[in-house]
Every structure is written in structure tokens, then in C-alpha cells.
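Coordinate analysis (summary)
Residue strings, one per chain:
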Amino acid sequence: LLEIAVQHGFRAVYPENLSFREQVMLYVGASHVIGPSGAAFANTLFCQPKTRLLSWLIPQYSGFCSYANIAELTGSELRYLFANSDRPINSTSDGFGASYQVDIQAFKAALLAIEQPGF
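Now for a look at the structure at hand. (Residues numbered from 1 in each chain as written. Predicted model: local features only at pLDDT ≥ 70, side-chain atom pairs only at ≥ 80, totals over all residues. Heavy atoms only, no water.)

Comments concerning the environment of S93
With respect to the element layout, S93 can be found in helix α4 (residues 92-97). Exposure remark for S93: the relative accessible area of 57% places this residue in the exposed category. Each C-alpha atom of the pair S93 and K108 lies 29 Å from the other, and the pair is 15 residues apart in sequence. (Helix = DSSP H or I, 4+ residues; strand = E, 2+ residues; numbered from the N terminus. Buried < 20%, exposed > 50% of the residue type's maximum accessible area, 1.4 Å probe, protein only.)

Let's talk about the pattern of salt bridges
When the charged atoms of two side chains lie near each other, side chains of opposite charge can form a pair. Applying the stated criterion to the full structure yields 2 salt bridges. The salt bridge involving E77 is made with R52; its shortest N-O contact spans 3.9 Å. With a gap of 25 residues between them, E77 in strand β3 (residues 77-82) and R52 in strand β2 (residues 52-57) connect regions that are remote in the sequence. In this structure, R87 and D86 form a salt bridge, with 3.3 Å as the shortest nitrogen-oxygen distance. Of the residues examined, R87 reaches a relative accessible area of 39% and is grouped as partly exposed. (Salt bridge = Lys/Arg side-chain N within 4 Å of Asp/Glu carboxyl O.)

Concerning a nonpolar patch on the surface
On the surface, L2, V6 and Y14 cluster together into a nonpolar patch covering about 290 Å² of accessible area. With respect to the helices and strands, L2 occurs in helix α1 (residues 2-7). Classification of L2 as partly exposed rests on a relative accessible area of 44%. (Patch = residues over 30% accessible without salt bridge, like charges linked within 9 Å, V, L, I, M, F, W, Y side chains within 5 Å. Areas by Shrake-Rupley, 256 points an atom, 1.4 Å probe, with all protein chains shown as cover.)

As C-alpha cells, then:
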């Protein structure tokens, strides 16, 4: 996914390696943010209105709305992709321990979509 994203002009960032101030400044200045659903996505709280967000998560978490709530609060535009897990998910613990795959064609289509006007 990273290789495909880089081909679309994105760059890898690892927020856990940045100071809090650096993280805030990064997200304040971002026009697009893509990545897996997780703690670092909470930094989208610092995004500007109309920032385009793309995240992926397993279907069992489709009701998880924390990042959708942040997007609504900030005026960002959020879309999700669903990933396929390597095993049944029956609990949060199962979800954290599972490996998953994002469909490459769906990911490419989602990247093209967030680059278009009217996303």
C-alpha cells in the first residue's frame, strides 16, 4: 500500500517518531491523510476543514465512529475502506491480533477518488 501511495504523491510519516508539536504541525498542514484506523488517526483532530481522509479497518469495526466524529468536528472529508482479516473476529482482542489485507484495486480506486474534486 505504501508503494502505491508514494506513486500517488504521498509520503510515509510515522507520527510516533515525531514530537507532539511536530505531529500537530504536520496534520494542520496536510491536505490529505491516509492510513489504517488506529491511534495516530486521532491526530486528524488537527486537520483543517476539507482535508481529505482515507482509512481502512476490518468490517467488524464498521460501527466504530470515533474518527468519523473527529472528521465531522473538523470539517474533514473521511472515507473508509474495509480490509479482510485472516481469521474470524469475535472480540476486540481478536481484531487487534489479526492480520488483514486491503484489496489493492479498491485502494487504488480510493486514492484516485480522494484526488478528484467533489470527493
